[in-house]
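# Descriptive analysis of the structure
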2 protein chains.
Amino acid sequence: MTDRQSYGNAPHAHHRCDQCDVRHKAMCAAVEEKDNDRLAAIVSHRDISPGQVIFEEGEPAEYAYNISRGEVRLYKLLPDGRRQITGFLGEGDFLGLVTDDTYAYGAEAMTPVELCIMRLSNLERLIADIPPVRDKLLDMSRDELAAAQEQMLLLGRKTAREKLLSFLLNRLDHSDVKTSEAKIILPMSRTDIADYLGLTIETVSRTFTALREERLIELPDTHTVMLPDLEAVRDASEAL
Amino acid sequence: MTDRQSYGNAPHAHHRCDQCDVRHKAMCAAVEEKDNDRLAAIVSHRDISPGQVIFEEGEPAEYAYNISRGEVRLYKLLPDGRRQITGFLGEGDFLGLVTDDTYAYGAEAMTPVELCIMRLSNLERLIADIPPVRDKLLDMSRDELAAAQEQMLLLGRKTAREKLLSFLLNRLDHSDVKTSEAKIILPMSRTDIADYLGLTIETVSRTFTALREERLIELPDTHTVMLPDLEAVRDASEAL
DNA sequence: AGGTTTCATTGATGTGGCTCAATGGGGCTG
DNA sequence: CAGCCCCATTGAGCCACATCAATGAAACCT
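For the structure given in this document, a descriptive report is provided here. (Residues numbered from 1 in each chain as written. Chains lettered and ligands numbered in written order. Predicted model: local features only at pLDDT ≥ 70, side-chain atom pairs only at ≥ 80, totals over all residues. Heavy atoms only, no water.)

### Considering the sheet that holds strand 4 (residues 72-77) of chain A
All names here are of chain A. Where we set the bar: Note on pairing: DSSP must find at least two bridges between two strands before they are called paired. Strands here mean DSSP runs of E at least two residues long; helices mean DSSP runs of H or I at least four residues long; both are numbered from the N terminus. Fitted lines through C-alpha atoms serve as axes, helices being fitted only where they are in contact, and the angles separating the N-to-C directions of these axes extend from 0 to 180 degrees. Any pair of residues with heavy atoms lying within 4.5 Å of one another is described as a contacting pair.
What the 4 strands build is an open sheet, ordered 2-7-4-5; its pairing is antiparallel. For this open sheet the edge positions go to strand 2 (53-55) and strand 5 (83-89), each flanked by a neighbour on one side alone. Between one strand and the next, the sheet's axes are offset by a mean angle of 30°, whatever the strand orientation. Where strand 4 and strand 7 (residues 106-109) come together, 4 bridges link them in antiparallel fashion. Pairing of leucine 74 across the sheet is with alanine 107, part of strand 7. Sitting on the sheet, helix 5 (residues 190-197) touches strand 4 and strand 5, and the angle it makes with strand 5 is about 105°.

### Notes on the protein's contact with DNA strand D
Keep this limit in mind: A molecule or strand has a residue near it when one of that residue's heavy atoms lies within 4 Å. Here a polar contact means two N or O atoms within 3.5 Å. Within protein one must be a hydrogen donor candidate and the other an acceptor candidate, and residues neighboring in sequence count only if both atoms are side-chain atoms.
Around DNA strand D there are 17 residues in total, and A:Thr203, A:Arg206, B:Ser205, B:Arg206 and B:Thr209 lie nearest to it. Restricting the count to atoms of DNA strand D within 4 Å of the protein gives a sugar and phosphate share of 62%. Residue A:Glu202 places a side-chain N or O atom 2.9 Å away from a base nitrogen belonging to DNA strand D. Contact distances for DNA strand D include 2.8 Å between a phosphate oxygen and a side-chain N or O atom of B:Ser205. Residue contributions to the surface near DNA strand D peak at 5 residues, all from helix 6 (residues 201-213) of chain B.

### A look at the nonpolar core
This is how it is decided: To form a nonpolar core, buried Ala, Val, Leu, Ile, Met, Phe, Trp, Tyr and Cys residues must be joined to one another through side-chain atoms within 4.5 Å. The rule is simple: take the accessible area with a 1.4 Å probe, protein chains only, and divide by the maximum for that residue type; under 20% is buried, over 50% is exposed, in between is partly exposed.
With 66 residues, the main nonpolar core has A:Phe167, A:Leu227, B:Phe167 and B:Leu227 as its most contacted residues. Apart from the residues lying within four places of it in its own chain, the contact partners of B:Phe167 are B:Phe88, B:Leu186, B:Met188, B:Ile193, B:Tyr196 and B:Leu197.

### Brief notes about the protein's contact with DNA strand C
As a reminder of what qualifies: Asp, Glu, Lys and Arg are counted as charged, while Ala, Val, Leu, Ile, Met, Phe, Trp, Tyr, Cys and Pro are counted as nonpolar; the rest, among them Gly, fall into the polar class.
By nearness alone, 16 residues border DNA strand C, and A:Ser205, A:Arg206, A:Thr209, B:Thr203 and B:Arg206 come closest of all. Here the atoms of DNA strand C within 4 Å of the protein split so that 65% fall in sugar or phosphate, with bases taking the remainder. The contact in question runs from a base nitrogen of DNA strand C to an N or O atom on the side chain of B:Glu202, over 3.0 Å. Contacts to DNA strand C include B:Thr203, whose side-chain N or O atom sits 2.3 Å from a phosphate oxygen. Listing elements by their share of the surface near DNA strand C, those giving two or more residues are helix 6 (201-213) of chain A together with helix 6 of chain B. Considered class by class, the residues forming the surface near DNA strand C number 3 nonpolar, 8 polar and 5 charged.

Encoded structure:
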């Protein structure tokens, strides 16, 4: 599951932050034109291949990351190997808020990932000097907290069917491709979905099949889901 | 469950913040001596009796709160009434971080509660003007996020037994009475515990009984738990 | 192209926790 | 202090989801 190789590949040289594709979505959007050089001076880049570990839970936290390309899973483990995925991150998302000086969760690439890296000490100085950055991070952690609470409701009180439908609706909201027909691409495996929803892989698979037979969803292939009747899905995701 | 009466009792007059019992634990600790007057000028107080609603999920958020006395539960509801408690708050805790301008969860008093109230608009000005306040709030939401992720692990992947033991250990950590024997006071009902752990009241009750029969816990009365062998509890809370 | 590995699906069976139901006990009220 | 109400406990049976096991299908390597 985590064939950690050389711990990521060698970092690149610095980059032009003002030309970054995901700048507008990322924390960096809070940095003004004039401070761009300062931002560029403290970031470097790294490519990560699918399945590789970015960092592990409990590891001393040295860096914070912005995802400039690809998809990442965050997870926590129990001693016997049970895993809970606490979130999926994508382009523009920020990675590495820490409490005590260790990472509170592990992070792995699900697809090829391009990371924008900065030392936490440098980030802290940036935060102190540029108030909008601090505001942006506060906002982001507020949003994350609201999402976490929604996920607690899902994990603690929803059925398998409701969990899966809520998950699909979430994915739809967060996808940027807004076609008329609701189409969802799932970059993660069934196992990842199961570990995110507090289910087993078999239950996820069976529930997908059941939903397809009810015509609530279509599955053109394993990693694509279509929602032909959004209203029906919304109703079924919280039962009535 | 929520006999909302007159929506709290009449607010008191302002208070001496510098004499506040919970100041050192609260966000207010980040306000310096010289800014005390400014803090005192924007806060008022309110007493809430057990079971009363402080605010409801989805309600437009106008105020933020500090808890100066008592215990509060936060929760989210599904349309059919299923409830997930997302957290328990106590003295010094802050209440009312919002995403869009509505509360992301409901809040109810579990015991008699004394609240320190401030308008969100005033708090925002305080945040903008006094950087340590912003830092403190960022820290607090980081901690809350870490706790939320831990709770996701619990809800998604732990057994009833592990859930209950983890819950007790958490309560022990957050209690300020540090006696040699590990003693825990639970202000909340069995139903609250069930809704926090994603269980039913019957399972909570049965699990308590089973743990007592194994001598992992003692139950002098319904709302008191003793942990005679902390190591054994820690092991059992994550299985091996 | 063939062989291997990995991942998803499906089936058969088991079980932890839920549901439904009855009983017990502690605290409040009059 | 009797009666009531609320809450917790306990029991019996059931079911949603887990576990165990087999098969199918796609991706990967050589």
